[in-house]
Amino acid sequence: MIIDIVKLYLQSGKGGKGHFSMINLSALKSVDSGGNGGKGGDVILKISPHIYDLSKFRGNKQIIAKDGETGAKFNKQGKDAEPSIVFVPLGTRVIEKEKIICDLTEKNDEFLICKGGFGGKGNYRRGYSLSAGEGVGKEVTFDYRIPADVAFLGFANSGKTSLFNSFTNKTYKVAEYPFTTSSCIWADSEYEFKIITVLDTPAFKRRKTSEQFIDNKFLKHIFRCKIIVLLSDDCSNCEQDFEDLIKEIKIYDESLLKGKIILKLLTKVDKIGGKINNKDILTISVNESQTIEGLQKKLLELLELNKNE
Ligand SMILES: Nc1nc2c(ncn2[C@@H]2O[C@H](COP(=O)(O)OP(=O)(O)OP(=O)(O)O)[C@@H](O)[C@H]2O)c(=O)[nH]1
Ligand SMILES: [Mg+2]
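All values derive from a computational prediction rather than experimental measurement. (Residues numbered from 1 in each chain as written. Chains lettered and ligands numbered in written order. Predicted model: local features only at pLDDT ≥ 70, side-chain atom pairs only at ≥ 80, totals over all residues. Heavy atoms only, no water.)

Q: Please give an account of the sheet that holds strand β14 (residues 227-232) that cites residues and values.
A: The sheet built from six strands is open, its strands ordered β12-β13-β11-β14-β15-β16 with mixed pairing. Edge positions in the sheet fall to β12 (185-191) and β16 (281-283), since each of these pairs with one other strand and no more. Across this sheet, the average inter-strand angle for adjacent strands is 30 degrees, counted without regard to direction. Judged from the seven bridges that link them, β12 and strand β13 (residues 194-200) form a sheet pairing that is antiparallel. Note on β13: the bridge partner recorded for Asp-188 is Thr-197. (Pairing = 2+ DSSP bridges. Helix = DSSP H or I, 4+ residues; strand = E, 2+ residues; numbered from the N terminus. Axes fitted to C-alpha atoms, helices over the stretch in contact; angles between N-to-C directions.)

Q: I'd like a rundown of the nonpolar core, residues and numbers included.
A: Leu-10, Phe-57, Phe-142, Leu-153, Leu-199, Ile-222 and Ile-249 are the most contacted members of the largest nonpolar core, which totals 46 residues. Counting residues per element, this core draws most heavily on helix α2 (residues 238-253), which supplies four residues. Of the residues that make up this core, three or more belong to each of domain 1 (5-144) and domain 2 (150-308). Once you skip the residues sitting within four places of it in the chain, Ile-249 turns out to touch Leu-153, Phe-204, Leu-219, Ile-222, Leu-230, Glu-254, Leu-256 and Leu-257. Counting 22 residues, the second largest nonpolar core, distinct from the first, contains Tyr-191, Val-198, Val-229 and Ile-292. (Core = buried A, V, L, I, M, F, W, Y, C linked by side-chain atoms within 4.5 Å. Buried < 20%, exposed > 50% of the residue type's maximum accessible area, 1.4 Å probe, protein only. Domains from an automatic or database assignment. Contact = heavy atoms within 4.5 Å.)

Q: Any chance you could break down the coordination of the magnesium ion (ligand 2) for me, citing the residues and the numbers?
A: For the magnesium ion (ligand 2), the full set of protein donor atoms is Thr-161 (OG1) and Thr-181 (OG1), at a range of 1.9 to 2.0 Å. Within this pair, whereas Thr-161 is found in helix α1 (residues 160-168), its partner Thr-181 is found in the loop between α1 and β12, the two being separated by 20 residues in sequence. Exposure remark for Thr-181: the relative accessible area of 15% places this residue in the buried category. (Donors = N, O, S within 2.8 Å, 3.2 Å for Na, K, Ca; no water.)

Q: A description of the site of ligand 1 should follow, citing residues and the corresponding values.
A: Around ligand 1 sit 22 residues in total, of which Lys-160, Thr-161, Ser-162, Phe-179 and Thr-180 are the nearest. The side chain of Ser-162 places a nitrogen or oxygen atom 2.6 Å from an oxygen atom of ligand 1. Interatomic distance of 2.9 Å between a backbone N/O atom of Val-286 and an oxygen atom of ligand 1. Broken down by element, the shell around ligand 1 gets its largest block of residues, three residues, from α1. In terms of residue class, the shell around ligand 1 is built from eight nonpolar, nine polar and five charged. (Near = heavy atom within 4 Å. Polar contact = N/O pair within 3.5 Å; in protein donor to acceptor, adjacent residues only side chain to side chain. Nonpolar A, V, L, I, M, F, W, Y, C, P; charged D, E, K, R; others polar.)

Q: Break down unusual backbone geometry for me, with residues and values.
A: With glycine set apart, most residues show a phi of negative sign, and most peptide bonds adopt trans. The residue Asn-157 is not glycine, and still its phi comes out positive at about 70 degrees. Owing to a relative accessible area of 26%, Asn-157 belongs among the partly exposed residues under this scheme. Phi is positive for Phe-193, which is not a glycine, with a value near 65 degrees. Its place among the elements puts Phe-193 in the loop between β12 and β13.

Q: So, the domain arrangement of the chain: which residues are in play, and what are the values?
A: For an interface, size is often stated in terms of accessible area lost upon the parts coming together. By domain assignment, the chain separates into domain 1 (5-144) and domain 2 (150-308). Just the C-alpha atoms count here: the centres of domain 1 and domain 2 sit 45 Å apart. Domain 1 puts nine residues into the contact, and the matching count from domain 2 is five residues. Of the roughly 510 Å² buried between domain 1 and domain 2 on both sides combined, carbon and sulfur atoms contribute 44%. On the domain 1 side of the interface with domain 2, the three residues burying the most area are Tyr-52, Arg-93 and Tyr-144, jointly 59% of the side's total. For the pair domain 1 and domain 2, the interface holds two salt bridges. The closest approach of N and O atoms between Arg-224 and Asp-103, which form a salt bridge, is 2.7 Å. Joining domain 1 to domain 2, the criterion identifies three residue pairs in polar contact (both at pLDDT 80 or more). Listed by contribution, the elements that provide at least two residues to the side of domain 1 that touches domain 2 are β7 (92-96) and β10 (137-144). (Buried area = accessible area lost by both parts, 1.4 Å probe. Salt bridge = Lys/Arg side-chain N within 4 Å of Asp/Glu carboxyl O.)

Next comes the structure, spelled out in structure tokens:
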């Protein structure tokens with residue numbers, strides 16, 4: 001099970017105090033000698049290519065950067081505190097007071113979320129000292145959305161994982177019984193030296209009545225996908241399946257469909273041994289590699305077009 005949401009308290013460090021001191025040079029003369037304090041540690045968010053969800057934050061509810069060091073006499077500067085680097089997975093967005101304050105979607109992205117306080121000024125050559133800056137504290141939510149290009153969606157047993165495995169050469173569990181897949185999985189699929197990241201999802205539950213509560217929570221992860229592939233293995237009624245799937249996405253969050261390309265795919269066509277007479281519906285069989293390659297090619301073309309728009 002992936003952990004895709006956590007609440008955390010982040011705080012940058014205070015600046016170190018400026019020192020106030022005098023050095024007596026003679027019985028009659030003394031000079032101000034207090035050094036400045038060091039800067040407080042920043043809190044910086046950075047992408048790590050080795051993290052795939054937010055589980056590492058589960059037990060850790062706060063991240064507090066160190067304070068800067070205090071200045072000292074003889075005009076000695078206090079050390080700046082090291083920044084606290086918080087590594088997060090690619091695709092993490094940060095919410096504070098219901099507002100998205102950053103969305104880390106590129107592999108080199110980083111974000112200074114809490115700036116450390118400035119160091120206090122010592123009295124060296126000044127005659128007086130100035131107080132240091134405070135750190136900044138923030139209650140934030142990390143909301144992880146899987147960074148995939150293409151999502152496979154469908155009712156139970158429609159062939160999502162089989163297709164995902166064929167695309168990625170993985171061996172995730174495939175079975176005749178429904179709800180085999182219980183969590184989102186994603187991986188890269190390579191075709192002609194180009195990469196498509198595909199997302200396999202748990203099955204949609206079928207609504208028995210329109211009032212029935214169904215929480216398709218996994219749907220938040222189609223947010224970053226540019227293409228949604230709807231799958232159905234019901235050759236006589238696939239149009240109804242596609243309609244119902246779209247309806248479910250709209251109930252969950254209509255904005256998830258905005259700007260996305262939607263493809264309809266009839267699966268397991270080797271079983272029906274024929275073609276469907278609707279050019280808007282693509283067909284596939286995981287037992288026929290040319291149909292897999294055909295779909296990979298189509299997805300790549302659509303992604304390229306989408307990039308150039
Ligand atoms: N003949 C044939 N069988 C297929 C094909 N694709 C999938 N199947 C079979 O259909 C069944 C369901 O496949 P899955 O890939 O587990 O389906 P799923 O949509 O991931 O299922 P859930 O995770 O339970 O929602 C398995 O028995 C597969 O072997 C296909 O192209 N041809
Ligand atoms: Mg599955």
